[in-house]
Amino acid sequence: MAVSIKAVRGTRDLLPPETETWNAVEAAVRDLFRVYNFQEIRTPVLEDLQLFQRSVGEDTDIVSKEMFAWEDRARAQSEKGQWLALRPENTAGVVRAYIEHKLWERPGLQRFYYIGPQFRRERPQKGRYRQFYQIGAEIIGPTSAGSESPAVDAEILEMLAALLDRLGIQNWRLELNSVGCANDRPKYLEALRAALKDMVDTMCADCQRRAQTNPLRVLDCKVSEDQPKIEKLPRQSDYLDESCRTHFAEVQKLLAALAVPFVLNHRLVRGLDYYTRTAFEFTHGSLGAQNAILGGGRYDGLSESLGGPPAPGIGFAIGEDRLVMTLQETAGAAARPTDVYIAPLGAGMNVHAALLARELRRADVIVTLGDESFKLKKSLETASKMGARYALIVGENEVGSGQFALKNLGTGEQVSVSREQIAALLKSRA
Ligand code: HAM
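Residues numbered from 1 in each chain as written. Predicted model: local features only at pLDDT ≥ 70, side-chain atom pairs only at ≥ 80, totals over all residues. Heavy atoms only, no water.

K.L.:
Explain the sheet that holds strand E4 (residues 82-86) here, please?
P.N.:
Read from one edge of the open sheet, 3 strands run E2-E4-E3, paired in antiparallel fashion. Every other strand in the sheet has two partners, leaving strand E2 (46-48) and strand E3 (69-72) as the edge strands with one partner each. If you compare each strand with its neighbour and ignore which way they point, the axes differ by 40 degrees on average. As defined by bridge partners, E3 adjoins E4 across 4 bridges and the pair is classed as antiparallel. Across the sheet, residue Asp 72 finds its bridge partner in E4, namely Gln 82. Each of E2, E3 and E4 touches helix H2 (residues 49-57); the most contacted strand, E2, lies at about 70 degrees to it. (Pairing = 2+ DSSP bridges. Helix = DSSP H or I, 4+ residues; strand = E, 2+ residues; numbered from the N terminus. Axes fitted to C-alpha atoms, helices over the stretch in contact; angles between N-to-C directions. Contact = heavy atoms within 4.5 Å.)

Below, the structure written as structure tokens:
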């Protein structure tokens, strides 16, 4: 036998019945996005590598270590090859599209959502995959349309709290920080670098590397021996300029008024370089080490760094894999079973079964079709095994008389019903 081919490391098949939960989650978020007036945007999975280098940042782990990127061959001798990448996240693609299609010419703020796969070559573990799915949203636009307002931050956070509550996820925790802006960041980085200079030699290898390349990320270190040292480092909150300070205070005031609980975490820095001001994560205890269900924040300078006009923005992305995992571990959402298994009995009955199935499905009944070659016993066994609620027997006598035998597979009770009554009966006992 030939060697079998498996799904690539870090990717996986989502199978029924789990896909039911995925669909239920997506249906719930689409409903919610509608009332908050977000509209869907779909950007390509494939982008120019430079897009991520200039937005997420060349010194981040995501871009420096985890990209699926390759040089795409030129199609003609005269053309140069192009470096392409599978998107590791969707904010950069949305802002690229905003610039490319001059979306600032549309009135007001642009409010987009997306649902789709993202790719990062990380070490796979529980809750961490190389192909994973995000549900995200972005609000972006000119300052004159209100894009910089702390009310937008509060609206996004209130929506996320409502979403998790609506899905029945309890005990989530919202961690909040302000990471400052282009005006105060250099002063903070200078203070951080100075403080690190004296102690970094005694810290872990990752910290030593990050102290050079991306000192903010030192705050994210989880190595226990480093923790007392990190606690002594200067805090971003002491370096925020006046406008960032008032902005952050206003976000907190609005959240308190909306009764959205949060905790301040001065070490929350996020793994992407484009963030300014408000940064946040929602975590959940059931997830283990990879405990962030979602993350996001402001990116007020991102459009300019991609060659666009000033367009402050804020957004988030939920890890759908982790959201579904949390739901399964806490609630255990069940798929809707087959309402009725139709058992055609004998030659020529498949067509009658198909006609009946069409009628019932039009009435929103979930139908599974058997086959006329099956013996009745086999049909009933198959129906029971798949968890169907009823079996409907379609033989020559039934078709002739218009009266069908409907068997309740839970109780074993069998009734004779007319064709017109079947759908109503199945639905009344759903
Ligand atoms: P992020 O924090 O890199 O932010 O990712 C958001 C969420 O995606 C994480 O909280 C996590 O739930 C999920 N996630 C990330 N990597 C993996 C993985 N390897 N396997 C499974 N789930 C994963 C962003 O991507 C930003 N674009 C969010 C944003 C939107 N900020 C502003 N707008």
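K.L.:
It is not clear to me how the site of the ligand should be interpreted in this structure. Could you clarify?
P.N.:
Looking at the ligand, there are 27 residues lining it, with Glu 89, Glu 122, Tyr 129, Glu 138 and Tyr 275 nearest. Contact distances for the ligand include 3.1 Å between an oxygen atom and a side-chain N or O atom of Gln 134. Here an oxygen atom of the ligand sits 3.3 Å away from a polar atom, N or O, in the main chain of Gly 319. Expressed as a share of its isolated accessible area of 650 Å², the protein-covered part of the ligand is 96%. For the shell around the ligand, the secondary structure elements donating two or more residues are strand E6 (131-140), strand E10 (292-298) and strand E11 (313-319). For the shell around the ligand, the element with the highest residue contribution is E10, accounting for 6 residues. (Near = heavy atom within 4 Å. Polar contact = N/O pair within 3.5 Å; in protein donor to acceptor, adjacent residues only side chain to side chain. Areas by Shrake-Rupley, 256 points an atom, 1.4 Å probe, with all protein chains shown as cover.)

K.L.:
Explain the layout of surface pockets to me, please; I cannot follow it from the model alone.
P.N.:
In this approach a probe as big as a water molecule rolls over the atoms, and the regions it shows empty are the leftover space. When its volume is computed, the second largest pocket comes out at roughly 420 Å³. Breaking the lining of the second largest pocket down by element, the ones donating at least two residues are H2, helix H6 (185-199) and helix H10 (302-305). Looking at the lining of the second largest pocket, its residues break down into 8 nonpolar, 7 polar and 6 charged. (1 Å grid on protein atoms, 1.4 Å probe; cavity = no way out; pocket = protein on both sides within 12 Å on 5 of 7 lines; lining within 4 Å. Points joined across faces, edges and corners; volume = space filled by probe spheres on them. Nonpolar A, V, L, I, M, F, W, Y, C, P; charged D, E, K, R; others polar.)

K.L.:
Looking at this model, I keep getting lost on the sheet that holds strand E12 (residues 340-344). Mind explaining?
P.N.:
Paired through their backbone hydrogen bonds, the strands of a sheet run either parallel or antiparallel. Strand order across the open sheet formed by 5 strands is E13-E12-E14-E15-E16, with mixed pairing between neighbours. Looking at which strands have only one partner, the edges of the open sheet turn out to be strand E13 (367-369) and strand E16 (414-418). For this sheet, the mean inter-axis angle between neighbouring strands, taken without regard to orientation, is 30 degrees. One ladder, built from 4 bridges, connects strand E14 (residues 390-394) with strand E15 (residues 403-408); its direction is antiparallel. In the sheet register, Tyr 390 faces E15, and the bridge partner there is Asn 408. Where helix H12 (residues 350-362) meets the sheet, it contacts E12, E13, E14 and E15, and its direction lies at approximately 170 degrees from that of E13. Across the sheet, helix H13 (residues 376-385) touches E12, E14 and E15, and the angle it forms with E12 is around 165 degrees.

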